[in-house]
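Examining the three-dimensional arrangement
Here is how the chains run, residue by residue.
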Amino acid sequence: MYSKKIQALLKKKKIRIGDRVLVKKIGKETEGILMPQTDAGDPETLVIKLDSGYNIGIKFRNAGIEKSGTRQSKAGKEEAEYEMGKTRKEILKLKFDAKKPAISMVSVGGTIASRIDYRTGGVHALEDPREFLHNTPELADIVNIKRFVSPFTKMSEDMEPDDWIKTAKHVAKELNSGMKGVIVTHGTDTLHYTSAALGFFLRNLTKPVVLVGAQRSSDRGSSDAGMNLICAAHAVVSDIAEVGICMHGRMDDDYCLFIRGTHARKMDTQRRDAFRPINEYPLAKIWPDGRIKIKNRDYRKRDDKGRVELDAKFEKKIAMLKVYPGADPDIISYYISKGYRGFVIEATGLGHVPTQARKSWTEVIKRHSKDIPFVMTPQTIYGRINPSVYTNLRILYRESGAIPGGDMLSETAYVKLGWVLGHTKDMEKIREMMLTNYAGEITQRTLVGTFLY
Amino acid sequence: MALDYKKLGMKCGVEIHQQLATRHKLFCKCSAAMQDKEPVFEIRRKLRAVAGEMGDVDAAAAYEMLKNKVFRYKVYLNETCAVELDEEPPHPVNREALDIALQIALMLNCEIPEEIEVMRKTVIDGSNTSGFQRTALVGLNGWVDTGFGRVGITNVCLEEDAAQILDKKKKSVTYGLNRLGIPLVEIGTAPEIHEPEQAKEVAEKIGMILRSTGKVRRGIGTIRQDLNISIAGGARAEIKGVQKLSLIPRIVELEAKRQLELVKKGRKVTRDVRKALPDGRTSFLRPMPGSARMYPETDIPPIQITEEKIKQIRKNLPELLTEKLEKIMKSYNLNEEIAGQIVSSGKTELFERLAGISEPKTIANVLTRYSKEYKIPDKKLEEMFRAIGKKQVPKETLEKMLDALSKNRPVQDVVKIAGDMLSEEDVKRIVKDVIKKNPDVMKAGRPEKALMGLVMKEVGGRAPGSLVMKIIMKELKTSFS
Ligand SMILES: [Zn+2]
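For chain A, the helix and strand inventory stands at 11 helices and 23 strands. Based on the C-alpha atoms only, the size of chain A along its principal axes is roughly 85 × 60 × 35 Å. Classification of the 453 residues of chain A by burial places 59% in the buried group. Looking at chain A alone, contacts between residues at least 24 apart form 70% of all its contacts between residues at least 6 apart.

Here it is in structure tokens:
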């Protein structure tokens, strides 16, 4: 963004961003297109796109700016407009094939459904499924994105439980309107929380719900958005009636993994193949050419009949904590004093918290566990909580009332606890529900090949 | 028949790509040395023609072209990280590379932008994993002077080098990622060159300026030269990969002639990319592509260049190689060939240090010729020369010493080889002695010849022949006068 002073001057001179201008400064004249300044640049520096295509910055101090008399070439003008986030009209000519399976797309944001608006430095959300077709024409061979809904768009890190509920509502509505399935486009950072939430919120699912994101923006030829979308389209017309995440399986542009929503985790800050299945094999490998290899037979089969039921009651006053050497359990008292009603605690190893230590978490848990659930999950990420092999574990789980989370991911347990507390405040019922498998979140067998898959 | 290029309306521009000799790559901390021999693994990728992002490139055609193409990328342990794999955003720009590029821009009389904006230039041949090349304009509106007049420098850009093509098949192309991201400057002149010889002069001059920094890579593949040529009524041809500068006038001439023939026949000259052949001719490579789309690299904040920064770089600009050459020729009484070899070997500083303590010609010889042959580190050579000092060493002895040095013999042992050498005084004594003992020789037609034979027998290789002859001549002069 330019400074207020520059903005005022441009306004006075009726110069708009995208205009061809002449900047004069001590004997030097620079002609080109006035571009927006990004957040990272200096607000007192004008950015000019030269005819060579390069941008340069000119400090505005001691400079004059005026509209240039020379006409901008058509290509140059189009170029500048495109860079500023305006979409070309040609995309409106694109069409989906009505004979292909009809699906809906619910877009709640993310890199996959956006392009950068250089005018504001912000993100410009795609608003028309044809914009996806524009970048990924192959989609038309697989699905007919008949409906496109975008209840809101948010950066992944800004998502809140209310957003999961809103998303689930729209997905349920679309599924119940006769669509073959729903693709949800979403930012990647908290994608696995949303996928877990949809897993619990959508009961009696008979069709696929495929969440998809991208780790590389779609402006670049190397973007993973295209292949992820293509594989997501194959997943959404498949017979896997589950909520899952479909993204790159490896660094190669080879296949995507379709991972159950309650067993997925973002395991890298930036890699294409950041989403991994934890403690379970992926549901399937999906290739862009449509091949699907089932890797895990434990899934619901599509039957397209019956209505999906939305069950999105959620208790938001819950927290996720992590124990570590020196961690002070007083933090629990603080949360309770603020009205919190449940905790997921990332425990060490097999499910330990400091028990005989100077500051005993076990004691604090014991003090509160009659009215407040404490669900233990493994901070090792992989593996399962074991409530009985060591004395300290027995004290924690038998005598002090902690609930062992099995092999549930902490993120999944957090979402599940909120969902369970949304349904009951009865401690016995809470414990029973936490230990019941609702969305494939707890596995019965630990398959060793799933480690670091 | 020589062409009248003015009449033809010939326009030519030169474009030079030169790798910079930095330790690290431009946007990550990977080594830029290209030393890794074997790749550790390979990844396979596709590129997508992002509609609307292609500039003038036909998106539909690009889409078809890329649909079935697989790019294989070889990963090298020390020279590839997540950045080259397009799995991590670029790190901040390499300041060392930026400084060198700014230095070059100033030496080419360019203006430096107050804020440098890194751009993404769309590239879809797979030579860049991201689908674009990062490039920034760091200098513009510069010039170089030639014997034919001034030629404008339109741009000095700092950019990342592309991946190196290793293998090309119908459906796949294999690239090595070790070259991707090595800092490169691209220098483009205005199409203001109007004579074939001038094109060569411009390329030579820019090359000389680049080498003067002492911070550019040397050797095969580190510099690439392209030419843009057109005549009135013709069309711009881009000629890629000019190997030798001496070929440039011939290439320009042949291309002007080629276009002239077509114009004369009334045929349309198409805008082509052509490949320079070793004999100066060119062959068709592909039609000139539309201009690539360029848009901001939002992962790298714009770079502010302060006046102080420019002042500081301007203050420390290196001496030009041409100036160095002249200085060395004059100061050490060397001919242009030898002086030129010293300057172009990049060992000027070492030479100047040693020339004060030992015999300049010998040093020049060793530094330019023998050092390659014997592969001796400069530090050892310097030690040896310091130990020998002013003493003159005959060629044979010098070679013996270098041989010993190259076999890792300690410098003090090596110097002993020279230690057996006779001083000028010793030689004088021997010459006088021989003359005294052989009075008949002085009566011969050319006494110096006979004396030389006799004296050399006594000296037995312990003094250079040139020195012996010099002393004999001196002695003869004094005894005849
Ligand atoms: Zn790297």
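From this point on, the discussion continues.
All right, on to the coordination of the zinc ion then. Residues and elements named next belong to chain B. Those donors, Cys-28 (SG), Cys-30 (SG), Cys-81 (SG), Glu-84 (OE) and Glu-84 (OE), are the protein atoms that reach the zinc ion, and they lie 2.2 to 2.6 Å from it. In the primary sequence, the donor residues of the zinc ion line up as C-x1-C-x50-C-x2-E. Linking Cys-30 in the loop between strand E1 (11-19) and strand E2 (41-45) with Glu-84 in the loop between strand E3 (70-75) and helix H3 (95-107), this pair joins segments that are 54 residues apart in sequence. On the basis of relative accessible area, Glu-84 is assigned to the buried category, the value being 3%.

Residues and elements named next belong to chain A. Given a rise of 1.5 Å per residue, 12 residues ought to cover 16 Å, and the 16 Å separating the end C-alpha atoms of helix H6 (residues 225-236) matches this to within 8%. Among the 12 residues that make up H6, 12 are buried, leaving the element largely enclosed by the rest of the structure. Residues of H6 that are buried include every one of Ala-225, Gly-226, Met-227, Asn-228, Leu-229, Ile-230, Cys-231, Ala-232, Ala-233, His-234, Ala-235 and Val-236, and no others.

Residue and element names in this part refer to chain A. In terms of domain boundaries, chain A breaks down into domain 1 (4-72), domain 2 (89-310) and domain 3 (318-434). Between the C-alpha centres of domain 2 and domain 3 the distance comes to 32 Å. At the junction of the two partners, domain 2 supplies 16 residues and domain 3 supplies 12 residues. Between domain 2 and domain 3, a total of about 1,400 Å² is buried, with carbon and sulfur atoms accounting for 68% of that surface. In this structure, the connection of domain 2 to domain 3 is made through one salt bridge. For the pair domain 2 and domain 3, the interface holds four residue pairs in polar contact (both at pLDDT 80 or more). Secondary-structure elements contributing two or more residues to the side of domain 2 that touches domain 3 are helix H5 (191-201) and strand E15 (264-266). Looking at the side of domain 2 that touches domain 3 element by element, the count peaks at six residues for H5.

The next point concerns the nonpolar core. Membership of the largest hydrophobic core comes to 94 residues, with the highest contact counts inside it found for Leu-108, Leu-227, Phe-351 and Met-384 of chain B. Looking at this core, the element that brings in the most residues is H3 of chain B, giving nine residues. Residues in contact with Met-384 of chain B, not counting those within four places in the same chain, are Leu-398, Met-401, Leu-402, Leu-405, Val-411, Val-414 and Val-415 of chain B. Listed in part, the 54 residues of the second largest apolar core include Val-149, Ile-165, Ile-430 and Met-434 of chain A.

Moving on, we get to the interface of chain B and chain A. Between chain B and chain A, the residue contacts involve 48 residues of the former and 50 residues of the latter. Together, the buried faces of chain B and chain A total about 4,000 Å²; carbon and sulfur atoms form 47% of this surface. In terms of surface lost to chain A, no three residues of chain B exceed Arg-48, Glu-87 and Glu-114 of chain B, which account for 18% of the buried area on that side. Here chain B and chain A share nine salt bridges between them. A salt bridge links Glu-138 of chain A to Arg-48 of chain B, with the shortest nitrogen-to-oxygen separation between them at 2.7 Å. Sorting the residues of the side of chain B that touches chain A by element identifies E2, strand E5 (118-122), strand E6 (132-146), strand E7 (149-160) and strand E15 (294-296) of chain B as the ones contributing at least two each.

With that settled, the discussion passes to the packing of aromatic side chains. The way to describe two aromatic rings as a pair is by their centre distance and the angle between their planes. Summed over the entire model, instances satisfying the criterion amount to 17 aromatic pairs over all chains. With a centroid separation of 5.1 Å and an interplanar angle of 80°, the aromatic rings of Tyr-332 of chain B and Phe-351 of chain B are classed as edge-to-face. Here Tyr-332 of chain B is found in helix H7 (residues 321-332), whereas its partner Phe-351 of chain B is found in helix H9 (residues 348-355), with 19 residues between them in sequence. Comparing Tyr-332 of chain B with Phe-351 of chain B shows no difference in burial state: the two are buried. By way of ring pairs, the aromatic residues Tyr-334, Tyr-335, Tyr-340, Phe-343 and Phe-374 of chain A are connected into one cluster.

For the rest of this paragraph, the subject is the packing of helix H14 (residues 424-437) of chain B against helix H15 (residues 447-459) of chain B. Residue and element names in this part refer to chain B. Between H14 and H15, the least distance of the axes is 10 Å, while the angle of their chain directions is 125°. In terms of orientation, H14 and H15 fall into the oblique class. For the pair H14 and H15, the crossing hand works out as right-handed. Contacts between H14 and H15 involve Ile-430, Val-431, Val-434 and Ile-435 on the former and, on the latter, Leu-451, Leu-454, Val-455, Glu-458 and Val-459. Counted by class, the contact of H14 with H15 contains eight nonpolar, no polar and one charged residues.

Residue and element names in this part refer to chain A. Backbone geometry places Lys-14, a non-glycine residue, at a positive phi of 60°. Along the chain, Lys-14 turns up in the loop between helix H1 (4-12) and strand E1 (20-25). Given a relative accessible area of 64%, Lys-14 falls into the exposed group. Phi at Asn-62 takes a positive value of approximately 65°, unusual for a residue other than glycine. Here Asn-62 is to be found in the loop between strand E4 (55-59) and strand E5 (63-67).

With that out of the way, let us pick up the environment of Gln-37 of chain A. By secondary structure assignment, the location of Gln-37 of chain A is in the loop between strand E2 (28-35) and strand E3 (45-49). For the pair Gln-37 of chain A and Tyr-2 of chain A, spaced 35 residues apart in sequence, the C-alpha separation works out to 6.1 Å. Here Gln-37 of chain A is in contact with Met-1, Tyr-2, Asp-42, Pro-43, Thr-45 and Val-47 of chain A together with Glu-115 and Pro-302 of chain B, once residues within four sequence places are set aside. At 2.9 Å, the side chain of Gln-37 of chain A forms a polar contact with the backbone oxygen of Asp-42 of chain A. In this structure the side chain of Gln-37 of chain A is engaged in a polar contact, spanning 3.2 Å, whose partner is the backbone oxygen of Thr-45 of chain A.

Scanning the entire structure with this criterion turns up 67 salt bridges over all chains. One salt bridge in this structure joins Glu-411 of chain A and Arg-265 of chain A, with 3.2 Å as the shortest N-O distance. Remark: Arg-265 of chain A occurs in strand E15 and Glu-411 of chain A occurs in helix H10 (residues 410-421); sequence separation between them is 146 residues. Close ionic contact of Glu-382 of chain B with Arg-386 of chain B constitutes a salt bridge, the shortest N to O distance being 3.0 Å. You can see Glu-382 of chain B and its partner Arg-386 of chain B sitting in helix H11 (residues 378-388), four residues apart, about one turn around the helix. Connected through salt bridges with shared partners, the residues Arg-216, Arg-220 and Arg-272 of chain A together with Arg-45, Asp-86, Glu-87, Arg-120, Arg-134, Glu-160, Glu-297 and Asp-299 of chain B form a single ionic network.

As a further point, take the sheet that holds strand E6 (residues 102-107) of chain A. All names here are of chain A. In spatial order, the strands read E9-E6-E10-E12-E13-E14-E17-E18; together these eight strands make up an open sheet with mixed pairing. Two strands bound the open sheet, and with one partner strand each, they are strand E9 (144-149) and strand E18 (292-294). Averaged over all pairs of adjacent strands, the angle between their axes in this sheet comes to 25°, without regard to strand direction. Sheet analysis places strand E10 (residues 182-185) next to strand E12 (residues 209-212), joined by four bridges and oriented parallel. Paired with Val-182 across the two strands is Val-209, which belongs to E12.

Turning to the sheet that holds E1 of chain A, a few remarks are in order. Taken in spatial order, the seven strands make up an open sheet running E5(A)-E1(A)-E2(A)-E3(A)-E4(A)-E4(B)-E16(B), and their pairing is antiparallel. Bordering the open sheet on either side are E5 of chain A together with strand E16 (303-304) of chain B, each of which pairs with just one other strand. Direction of pairing for E1 of chain A relative to E2 of chain A: antiparallel, over a ladder of six bridges. Its bridge partner lying in E2 of chain A, Lys-24 of chain A is registered against Glu-29 of chain A.

Residue and element names in this part refer to chain B. Mapped onto the elements, Thr-80 comes out in the loop between E3 and H3. Within the local environment of Thr-80, its side chain forms a polar contact with the backbone nitrogen of Tyr-76, the two atoms lying 2.9 Å apart. Beyond its immediate stretch of four places on either side in the chain, Thr-80 contacts Cys-30, Val-75, Leu-85, Leu-177 and Asn-178.

Here we take up the domain arrangement of chain B. How big an interface is tends to be reported as the loss of accessible area on association of its parts. Taken domain by domain, chain B holds domain 1 (5-296), domain 2 (321-419) and domain 3 (424-480). On a C-alpha basis, the centroid separation for the pair domain 1 of chain B and domain 2 of chain B is 38 Å.

Definitions and limits used
Residues numbered from 1 in each chain as written. Chains lettered and ligands numbered in written order. Predicted model: local features only at pLDDT ≥ 70, side-chain atom pairs only at ≥ 80, totals over all residues. Heavy atoms only, no water. Helix = DSSP H or I, 4+ residues; strand = E, 2+ residues; numbered from the N terminus. Buried < 20%, exposed > 50% of the residue type's maximum accessible area, 1.4 Å probe, protein only. Contact = heavy atoms within 4.5 Å. Donors = N, O, S within 2.8 Å, 3.2 Å for Na, K, Ca; no water. Expected span 1.5 Å × (residues − 1). Domains from an automatic or database assignment. Buried area = accessible area lost by both parts, 1.4 Å probe. Salt bridge = Lys/Arg side-chain N within 4 Å of Asp/Glu carboxyl O. Polar contact = N/O pair within 3.5 Å; in protein donor to acceptor, adjacent residues only side chain to side chain. Core = buried A, V, L, I, M, F, W, Y, C linked by side-chain atoms within 4.5 Å. Phe/Tyr/Trp six-rings, centres within 6.5 Å; stacked < 30°, edge-to-face > 60°. Axes fitted to C-alpha atoms, helices over the stretch in contact; angles between N-to-C directions. Parallel < 35°, antiparallel > 145°, perpendicular 65-115°, else oblique. Left-handed = near helix turned anticlockwise from the far one by under 90°. Nonpolar A, V, L, I, M, F, W, Y, C, P; charged D, E, K, R; others polar. Pairing = 2+ DSSP bridges.

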